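Working through the structure, step by step
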Amino acid sequence: MKTVKKVDPKLMKKMNKQLILRYLIEHGPTSRTELVSKTGLASSAVWRMVDELVEEGFVEQKEYFARTNTKKAAVYGVARNFVTSLLVDVQVLQTTVALGFLDGSCKILETFPTGSFDDFSKRIRSFLSEKILNKLFGKGEKIRVIFSLPGIVGTNEGVLLYAPNLNWHDIDFKAAFARKNNVEVIVENDSNLSLLAESFYARDIKDSSNAFFLYLGEGVGGAIFINGRIVIGSSFAAGEIGHTLLQVNGTLTEVEKLLSISKLVDEFETRKNLERVGTLRERFVRLQRAWLSSDEVAKELIQEFIKNLAIVIRNVGYTLNPEIIVFGGSVSNLWETFGAFLQREIARLDEYSFLKNTVFRDTLFKETSASLLGCNVLAINKFLEDMMG
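All of the points below concern the structure found in this document. Everything quoted here is computed from the prediction, not taken from an experiment.

**Overview of the sheet that holds strand E5 (residues 94-101)**
In spatial order, the strands read E6-E5-E4-E7-E11; together these 5 strands make up an open sheet with mixed pairing. The open sheet has two free edges, formed respectively by strand E6 (106-113) and strand E11 (183-189), since each of these has just one partner strand. Within this sheet the neighbouring strands show an average axis-to-axis angle of 20°, counted without direction. Pairing geometry for strand E7 (residues 143-149) and E11, over 7 bridges, is parallel. Bridge assignment links Ser148 to a residue of E11, and that residue is Glu188.

Listed below in structure tokens is the structure:
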């Protein structure tokens, strides 16, 4: 006789509430009628669970909109003031600390030079004092701290294995910062978090089975998205395109040395005797303007940069054959600026037409770091998992 497995009604309710909350996070304020249509849940269940989510402080009524001449429908969205986590976006030159909210937004608390690990850890511990945590999260609340790190990260153990541009290696972030029982520390690679943010907010990534994020900044990184998941790799190094090799003038050279935005602008400023002033993004904009003005040094450097970048894209395309390649990192308009020139160079190298259907675009995120937003997406996903506990 076949045994029929019983459905746990409490578990089913948690799953349905999670489904409603995730829809509101991803799609924004919505009426309960639309939630019924989009989730496939019964009207009575949606009405009841939305009320419960409001009582729990996760959801709030946003407004009304006219549905008929006689009756208005309430619109519900994620509560703006519900804090999910403390976010720490570590880059080689600077670190940003922010609060992450359940609606996907962030509030930047401070940006400071990253410096040595000793200096960095002192600044982070100042945020983890009991007084500050109670002020930000409330007394006794569980606290998640999400670190975005520029290097190879052992996510399971919470260890930064190696960040060559910082000269940090084998650092146990859990041991360093999770000294209180109510503090959970999570670490992840910056490229992976950038692609996680794209996959959360961008429909083209959601709908793709294979995508690649190319991270260009002080260093060079990459992230791989296949069938709805970020690929980590057996040694946590999947997508680390910056450590692959190209042969340049008979010498094997790491891609990072050829495509680092920091090294590119350093070379331009050195050759033009310019002072190194401003953020990396601001300095790159100065290089772009010189290139647009037909400055000979800028033209030479950008031409070589485009040639090497096209080879790297060709190698990614011929290895992964992604549907989409996204450019991001410290620069958010690389394809917008150089796309026409890159496209021609890629077409010249694409002898088998493997890249003819690949879509290239810049990151969605122009003002806020994609890796910072990815920290918050990771925190939101963890929060939704907690709902099932």
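On we go from here.
**Some points on helix H1 (residues 9-27)**
Between its terminal C-alpha atoms H1 stretches 27 Å, which fits the 27 Å expected from 19 residues at 1.5 Å a residue. Looking at H1, one finds that the buried residues are Asn16, Lys17, Ile20, Leu21, Tyr23, Leu24 and Ile25. In this structure Asp8 caps H1, since a side-chain oxygen of it lies 3.0 Å from the backbone nitrogen of Lys10. Looking one or two residues beyond H1, the residue adopting positive phi is Gly28, at roughly 85°.

**Some details on the nonpolar core**
Counting 42 residues, the largest nonpolar core has Leu259, Leu309, Phe327, Leu334 and Leu342 as the members making the most contacts within it. Counting only elements with at least two residues in this core, the list comes to strand E12 (210-216), strand E13 (220-226), helix H9 (255-259), helix H10 (261-271), helix H11 (280-292), helix H12 (296-320), strand E17 (324-329) and helix H13 (334-349). It is H12 that provides the largest number of residues to this core, a total of 11 residues. Setting aside residues no more than four positions away along its own chain, Phe327 makes contact with Leu214, Leu309, Ile313, Leu334, Trp335, Phe360, Arg361, Asp362 and Thr363.

**Observations regarding a nonpolar patch on the surface**
On the surface, Leu11, Met12 and Met15 cluster together into a nonpolar patch covering about 240 Å² of accessible area. Within the secondary structure, Met12 sits in helix H1. Look at Met12 and you get partly exposed, because its relative accessible area is 34%.

**A word on the pairing of E13**
The buried count for E13 comes to 6 of 7 residues, which makes it a mostly enclosed element. Bridge count between E12 and E13: 7 bridges; the pairing is antiparallel. Bridge pairing in E13 links Leu214 to Gly222. Counting the residues that bridge the hairpin from E12 to E13 gives 3 residues. Between E13 and strand E14 (residues 229-231), which pair antiparallel in sequence order, lie 2 residues; one of them, Asn227, sits at a positive phi of approximately 50°.

**Points about the environment of Leu349**
For Leu349, the location among the structural elements is in helix H13. Not counting residues up to four positions away in its chain, the partners in contact with Leu349 are Ala310, Ile311, Arg314 and Tyr318.

**Concerning the side chain of Glu218**
Within the fold, Glu218 resides in the loop between E12 and E13. Here Glu218 sits buried without a salt bridge, and the closest side chain of opposite charge, Arg283, lies 7.8 Å off (N-O distance). Those residues in contact with Glu218 that sit more than four places away from it in its chain are Gln91, Val92, Leu93, Asn165, Ser260, Ser262, Lys263, Leu280 and Ser330.

Cut-offs used in this document
- Residues numbered from 1 in each chain as written.
- Predicted model: local features only at pLDDT ≥ 70, side-chain atom pairs only at ≥ 80, totals over all residues.
- Heavy atoms only, no water.
- Pairing = 2+ DSSP bridges.
- Helix = DSSP H or I, 4+ residues; strand = E, 2+ residues; numbered from the N terminus.
- Axes fitted to C-alpha atoms, helices over the stretch in contact; angles between N-to-C directions.
- Expected span 1.5 Å × (residues − 1).
- Buried < 20%, exposed > 50% of the residue type's maximum accessible area, 1.4 Å probe, protein only.
- Polar contact = N/O pair within 3.5 Å; in protein donor to acceptor, adjacent residues only side chain to side chain.
- Core = buried A, V, L, I, M, F, W, Y, C linked by side-chain atoms within 4.5 Å.
- Contact = heavy atoms within 4.5 Å.
- Patch = residues over 30% accessible without salt bridge, like charges linked within 9 Å, V, L, I, M, F, W, Y side chains within 5 Å.
- Areas by Shrake-Rupley, 256 points an atom, 1.4 Å probe, with all protein chains shown as cover.
- Salt bridge = Lys/Arg side-chain N within 4 Å of Asp/Glu carboxyl O.
- Lys, Arg positive; Asp, Glu negative; His and termini not counted.

Such coordinate-based values are descriptive only and should not be taken to indicate function.
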